[in-house]
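Coordinate inspection notes
Single-letter residue listing:
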Amino acid sequence: MMDQAIRDFAKQFKYRPQIENGPLRKYRKFIVAGMGGSHLAADIIKSLNPQLDITIHSDYGVPPVAEKDQKKTLLIASSYSGNTEETISALEEAQNRGIAVACVAVGGKILEIAQANNFPYVRLPDTGIQPRSALGFGMQALLKLMKQNILLKESATMAKLLQPGDLEQAGKDLAAKIKNMVPIIYSSDRNLPIACNWKIKFNETGKIPAFYNIFPELNHNEMVGFDVKDSSRALSEKFHFIFLKDSDDHPQIQKRFAITVKFYRDRGLPVDIIELSGASRMEKTFSSLILADWAAFHTGQGYGLETEQVPMVEEFKKLIK
């Protein structure tokens, strides 16, 4: 059940990933090939350590790699199920191009390829949860393969610091506010992975449309679409804005944030401000995402919808084969 997966989320940080077919040498550049929930952990790692050279690849094949960088690059094929066709495509092309590879999955074809070719891999725990709910497992597996030991050690502390149950009421309250509305999530560019995750949770768990954008870019285009006039008011009436406020953002971003909130409220647009809170950037990130989980769960519940499975995705996969 989705609500139990949320309650148990902090326990994922007790997981200690092990690399099979190791040891793995240290690489300077990483390509994480994955779709949906299987690349979200890499997005978070990149935001936690912007100096780390990570390319997130959510497509078929492999992105361009300069010849001089090829030996310095590790492609990590990340697929929770192990059967994602785009990720398998990336893994196979990396093999053909002589790019070093490693794998992360619960099982499936990707681990079969890794075992057959003696590629390093991390097998994720098979707990039956959805990929979007397995961020803790996925992040630690990637950190282990990237040899990011400081972040890996910090992630272990999340098992005690995060208290998912304490955030349920706030998520439920937010879900009630956005009932019959389409949420749009705004954040700074540095918090883009968090905003994107919020959007995905509303889509997959809440089963509703949701969108996101970032400062300062949205001040140069999107906000003009919400300069509400009588003739276009009906187009804006279905949106509810969720601003993810971070006290560590650039001062000018914080100023843009405040002015945009005023602009929207002056035009009668509903706005909620969610403060990112926690003693570290990692705690801020995951506390916010747990709140998003609860908001999305209670959104789906409010519409009488099933909140765990993604039948439309599964139907699409059958048709695309």
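Everything numeric here is computed off the predicted structure, so don't read it as measured data.

Another aspect to go through is the pairing of strand S4 (residues 100-105). Here S4 lies mainly inside the structure; five of its six residues are buried. In this structure, strand S3 (residues 73-78) lies alongside S4, joined through five bridges in parallel fashion. Bridge pairing in S4 links Ile 76 to Ala 102. In this fold, the crossover linking S3 to S4 by way of helix H3 (residues 85-97) has right-handed handedness. Sheet analysis places S4 next to strand S5 (residues 121-123), joined by three bridges and oriented parallel. Bridge pairing in S5 links Val 104 to Val 122. In this region the chain leaves S4, passes through helix H4 (residues 108-117) and returns to the parallel neighbour S5; the handedness of that crossover is right-handed.

Take the side chain of Ser 288 next. Note on placement: Ser 288 falls in helix H12 (residues 281-302). Residue classification places Ser 288 among the buried residues on the basis of a relative accessible area of 5%. Apart from residues no more than four positions distant in its own chain, Ser 288 is found in contact with Ile 194, Trp 198, Leu 244 and Leu 276.

Once that is clear, we can look at unusual backbone geometry. Note the cis peptide between Gly 22 and Pro 23, where omega equals 0°. With respect to the secondary-structure elements, Pro 23 resides in the loop between helix H1 (2-7) and strand S1 (29-33). One non-glycine residue with positive phi stands out, namely Lys 147, at about 60°. A residue is classified by how much of its surface remains accessible, and Lys 147, at 31% relative accessible area, is partly exposed.

A word on the sheet that holds S1. Here we have five strands laid out as an open sheet, ordered S2-S1-S3-S4-S5, and parallel in their pairing. One side of each edge strand has no neighbouring strand; the edge strands of this open sheet are strand S2 (53-57) and S5. Between one strand and the next, the sheet's axes are offset by a mean angle of 15°, whatever the strand orientation. Of the pairings in the sheet, the one linking S1 to S2 comprises five bridges and is parallel in character. Across the sheet, Val 32 pairs through a bridge with Ile 56, a residue of S2. Each of S1, S3 and S4 is contacted by H3, which is oriented at about 150° to S3, the strand it contacts most.

Thresholds applied
Residues numbered from 1 in each chain as written. Predicted model: local features only at pLDDT ≥ 70, side-chain atom pairs only at ≥ 80, totals over all residues. Heavy atoms only, no water. Buried < 20%, exposed > 50% of the residue type's maximum accessible area, 1.4 Å probe, protein only. Helix = DSSP H or I, 4+ residues; strand = E, 2+ residues; numbered from the N terminus. Pairing = 2+ DSSP bridges. Right-handed = clockwise from strand over helix to strand, strands pointing away. Contact = heavy atoms within 4.5 Å. Axes fitted to C-alpha atoms, helices over the stretch in contact; angles between N-to-C directions.

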